[in-house]
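Structural characterization, general
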Amino acid sequence: MTPSEFIERVFAAANSDSVSDEAVSNLFIEAEATTLSEETFIELLEAWDAFPSYFSGFRLIADDQRLFELSGRELRANDEGLTALAEREIEPSVDVQHHRGGFDRYYPDNISETARVLYQFATELDNAGITVTIGFGLQKKRIASDLLTEETPDPVSSDLNPILWWTPTELFQWIGTREPDEVATELFDYDSAPIFLFFQGAPDSLSPIPMWTATDVDTLPREDIEQAIDQYLDSMTSSRKYTHWRGDLSPIHPCLVEGLWDECTGEEVDTLYVYALLGVLSAAVDRNSPHIQFHFSNEPEFAPKIDLEEQCAVWGEDGIRAIQDLYQSFQGEEEKDAFRDLWQLAITEQCRGTERGIEILPEVIEDIKSSYQDLQVSAVEENFEALSDVLEDTQTLMAGLTDRLSSAANETSQDIQRLTFTLLGAIVANIFLVLRWSDRSLVPPFSLFVLIVIVGFYLPLIQGRIEDLDNTITEVKNDYEFYEKHIRRFNKDLFQFGDLEDRKSAYVTLAKKQRKRAQTQLQRVFYALLTVWSGLAIWSGIAYPFGQSQSLALAVSGVVLGILFFGPTEGPFGHRGYEYFSNRAATATIVIIVLSFLLPLFTPFLTI
């Protein structure tokens, strides 16, 4: 039996009049046993036997006498109640001990027959005019958790907090009987998003809070659930970050309550929604029993104390929708401190000087919007001089960043070009030696000397230039962040940095591309030089006998390459720490040099 099948069996045994769903963690169902069919009664006890941990209580009562009830996880007969029932004069008579014996005979080995005995017992009592009631409590949190972990095709995120209710109506009624901060604490956890599961009547919607039929959790769209979780966590973070919820008040964002408010046809969710709306519009929220105090402004001070239930009754749905409209205008600038301050000051200006205070809020929404626009213009005028300095500093900043990145990249490119010309010069010099003296024996020593100079000294210099370009890019980023913070001190969010950030990023990206291209070219040059080095070693070993200048040049070059390879990375000669250096290529070249150096020694033995 699955959790969904369990829910179906419970649902078949209950109706709206028999359900008492008044708590987050538990619900209680009580019905006359004979209103159920025998099959439904048996299936209900089979469900209890399959999932005893789902039950918080189970009892069978005849009038006021308990006949059978749970003791721990065991169903036991209540001897006192059965004895009292047996002593009553019942017409037609009912053999209580017979049914008690049937219970003892079948329980716990055969739960179906046990249920059949109990149902027959209840039927006989009902025929005798005695009302038999079956009642049981359910652990809603445990059931909801198992539904998500066992019924969904893919594992659902641990960031979900499943909450089970009989219908949305019971949920809304529960919300209406609680203080809004208590509801926020119980239902809207800061670190895990709620998903409301219902036995029936679910709207099967996902945004902004998932509300789904409990037996259909296997149809929950995974991607939409993940998106709803991200939206929930972002909203809760924003609510806590930009509004100070003092004391034990729990933060809540209006976009999370909006779906519940729209779904509810009554007034039960009004106080929770207004609590969230005014909370986000305020700078701070505090409890001042029995009221909630919303702090909008300190200078001038405006911190009205509100009885939310009474105030919502005065405002009605139209008034709440007006506040909702104000929030929607405020929403785009909710996370910008400078604009939040202006909105809160606009609310203060329109409500503080009136006799009705905050009560007049829904009636002055358009005045608040107009006041906000005026305050925004005034703020820009007051900061005009600072904004002029901002533009000048920004122009200087971007010019400096561009010049530094361009200079560093150009120097790196020029070093690569100089390396290319050096190699071309070495080739020309070798051709000159051959043509001038017609002596090819000078080519290997001279070429090896040039290779030692280039690999040993020139390549590290170019690598240093590339690393300097890396450091320049990092410094440019740090300088940009420094200037941005400096500029924001004067005008907060009134100056938009989006386009400026894009331009800076474009320059940095271009410099990174040039750096990558230079590093790739340097690595190719290194491989090419080692290839030539290997070729010269083989030439020297095969074409010239041991002991001549070619052998000496070859030995010296091998020693130098060995020092570069085996030297400490942090030392003056070690090259292994450079990005262009390849351990495998250097090892192969050293092996070739050693073999080429030793080859002339063994040549006489090979000819014999």
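Everything below is about the structure printed above this text.
Summarised in this report is the structure supplied together with it. (Residues numbered from 1 in each chain as written. Predicted model: local features only at pLDDT ≥ 70, side-chain atom pairs only at ≥ 80, totals over all residues. Heavy atoms only, no water.)

**Overview of the overall build of the protein**
For the protein, the helix and strand inventory stands at 19 helices and 15 strands. Counting contacts in the protein only where the partners sit at least 6 residues apart, residues at least 24 apart contribute 70% of the total. Counting every atom, the protein has about 30,400 Å² of accessible surface; 49% of that belongs to carbon and sulfur. (Helix = DSSP H or I, 4+ residues; strand = E, 2+ residues; numbered from the N terminus. Contact = heavy atoms within 4.5 Å. Areas by Shrake-Rupley, 256 points an atom, 1.4 Å probe, with all protein chains shown as cover.)

**A look at the packing of helix 8 (residues 180–187) against helix 11 (residues 270–281)**
When two helices pack together, you describe them by how their axes are tilted relative to each other and by the distance separating the axes. Between helix 8 and helix 11, whose axes approach to 9 Å, the crossing angle comes to 85 degrees. With respect to their mutual orientation, helix 8 and helix 11 come out roughly perpendicular. Where helix 8 abuts helix 11, its residues P180, D181 and V183 lie against T271, L272 and Y275. For the contact of helix 8 with helix 11, the residue count by class is four nonpolar, one polar and one charged. (Axes fitted to C-alpha atoms, helices over the stretch in contact; angles between N-to-C directions. Parallel < 35°, antiparallel > 145°, perpendicular 65-115°, else oblique. Nonpolar A, V, L, I, M, F, W, Y, C, P; charged D, E, K, R; others polar.)

**Quick word on the packing of helix 10 (residues 254–263) against helix 12 (residues 308–331)**
With their axes 13 Å apart at the nearest point, helix 10 and helix 12 run at an angle of 150 degrees to one another. With respect to their mutual orientation, helix 10 and helix 12 come out roughly antiparallel. Remark: the crossing between helix 10 and helix 12 carries left-handed chirality. Facing P254, E258, W261 and D262 of helix 10, the residues of helix 12 in contact are E317, I320, R321, Q324, Y327 and Q328. (Left-handed = near helix turned anticlockwise from the far one by under 90°.)

**Some thoughts on a negative patch on the surface**
Taken together, the side chains of E5, E8, D204, D216 and D218 make up a negatively charged region of the molecular surface. Looking at the secondary structure, you find D204 in the loop between strand 8 (193–198) and strand 9 (211–213). (Patch = residues over 30% accessible without salt bridge, like charges linked within 9 Å, V, L, I, M, F, W, Y side chains within 5 Å. Salt bridge = Lys/Arg side-chain N within 4 Å of Asp/Glu carboxyl O. Lys, Arg positive; Asp, Glu negative; His and termini not counted. Charge placed at Lys NZ, Arg CZ, Asp CG, Glu CD.)

**Some details on unusual backbone geometry**
Geometrically, the link from Y107 to P108 is a cis peptide bond, its omega value of 5 degrees lying close to zero. With respect to the helices and strands, the residue P108 is situated in the loop between helix 4 (96–106) and helix 5 (111–127). For the peptide bond that leads from E299 to P300, omega is -5 degrees, which places it in the cis range. The phi dihedral of D63 is positive, around 55 degrees, even though this residue is not glycine. One can find D63 in the loop between strand 3 (55–62) and strand 4 (65–71). A positive phi angle is found at D204, which is not glycine, with a value near 50 degrees.

**Some details on the sheet that holds strand 3**
Ordered in space as 1-2-6-3-4-5, the six strands form an open sheet in which the pairing is antiparallel. Here the strands that pair on one side only, and so sit at the sheet edges, are strand 1 (19–20) and strand 5 (74–77). Two strands pair when backbone bridges link them, and strand 3 and strand 4 are joined in this way by four bridges, in the antiparallel orientation. Looking at strand 4, one finds that R59 is bridged to E69. Along the sheet, helix 6 (residues 140–151) contacts strand 2 (26–32) and strand 6 (132–139); its crossing angle with strand 6, the most-contacted strand, is approximately 60 degrees. (Pairing = 2+ DSSP bridges.)

**Details of the environment of V10**
Here V10 lies in helix 1 (residues 3–12). A sequence separation of 35 residues divides V10 from L45, and the C-alpha atoms of the two residues are 9.7 Å apart. Once you skip the residues sitting within four places of it in the chain, V10 turns out to touch I29, L44, F136, L138, W166 and F199.

**Some details on the sheet that holds strand 11 (residues 284–288)**
Pairing in this open sheet of four strands is mixed, and the strands run 10-11-12-15 from one edge to the other. Across the chains shown, the open sheet's two edge strands, defined by having one partner strand only, are strand 10 (244–245) and strand 15 (305–306). Strand direction decides the pairing type here: strand 11 and strand 12 (residues 291–295), joined by five bridges, are antiparallel. Of the residues in strand 12, the one forming a bridge with D286 is Q293. Running at roughly 25 degrees to strand 12, helix 11 makes contact with strand 10, strand 11, strand 12 and strand 15 of the sheet.

**So, the side chain of S235**
Along the chain, S235 turns up in helix 9 (residues 222–242). For S235, a relative accessible area of 9% translates into the label buried. Aside from chain neighbours lying at most four places away, what touches S235 is H253, C255 and L256. (Buried < 20%, exposed > 50% of the residue type's maximum accessible area, 1.4 Å probe, protein only.)

**Observations concerning the pairing of strand 11**
Inspection of the sheet shows strand 10 paired to strand 11 by two bridges, in the parallel sense. Bridge pairing in strand 11 places W245 opposite V285. Hairpin connection between strand 11 and strand 12: a loop of two residues separates the two successive antiparallel strands.

**Focus on the packing of aromatic side chains**
Following the criterion strictly, the structure yields 21 aromatic pairs and no others. On the basis of an interplanar angle of 90 degrees and a centroid distance of 5.7 Å, the ring pair of F6 and F55 is categorised as edge-to-face. Linking F6 in helix 1 with F55 in strand 3, this pair joins segments that are 49 residues apart in sequence. Judged by relative accessible area, F55 falls into the buried class, the value being 7%. Through a chain of ring-to-ring contacts, three or more aromatic side chains come together here, namely F6, W48, F51, Y54, F55, F58, F68, F103, Y107 and F136. Between the NZ or CZ atom of K140 and the centre of the ring of W165, over which it lies, the distance is 3.7 Å. It is R240 that lies over the ring of Y190; its NZ or CZ is 3.7 Å from the centre. (Phe/Tyr/Trp six-rings, centres within 6.5 Å; stacked < 30°, edge-to-face > 60°. Lys NZ or Arg CZ within 6 Å of the ring centre and 35° of its normal.)

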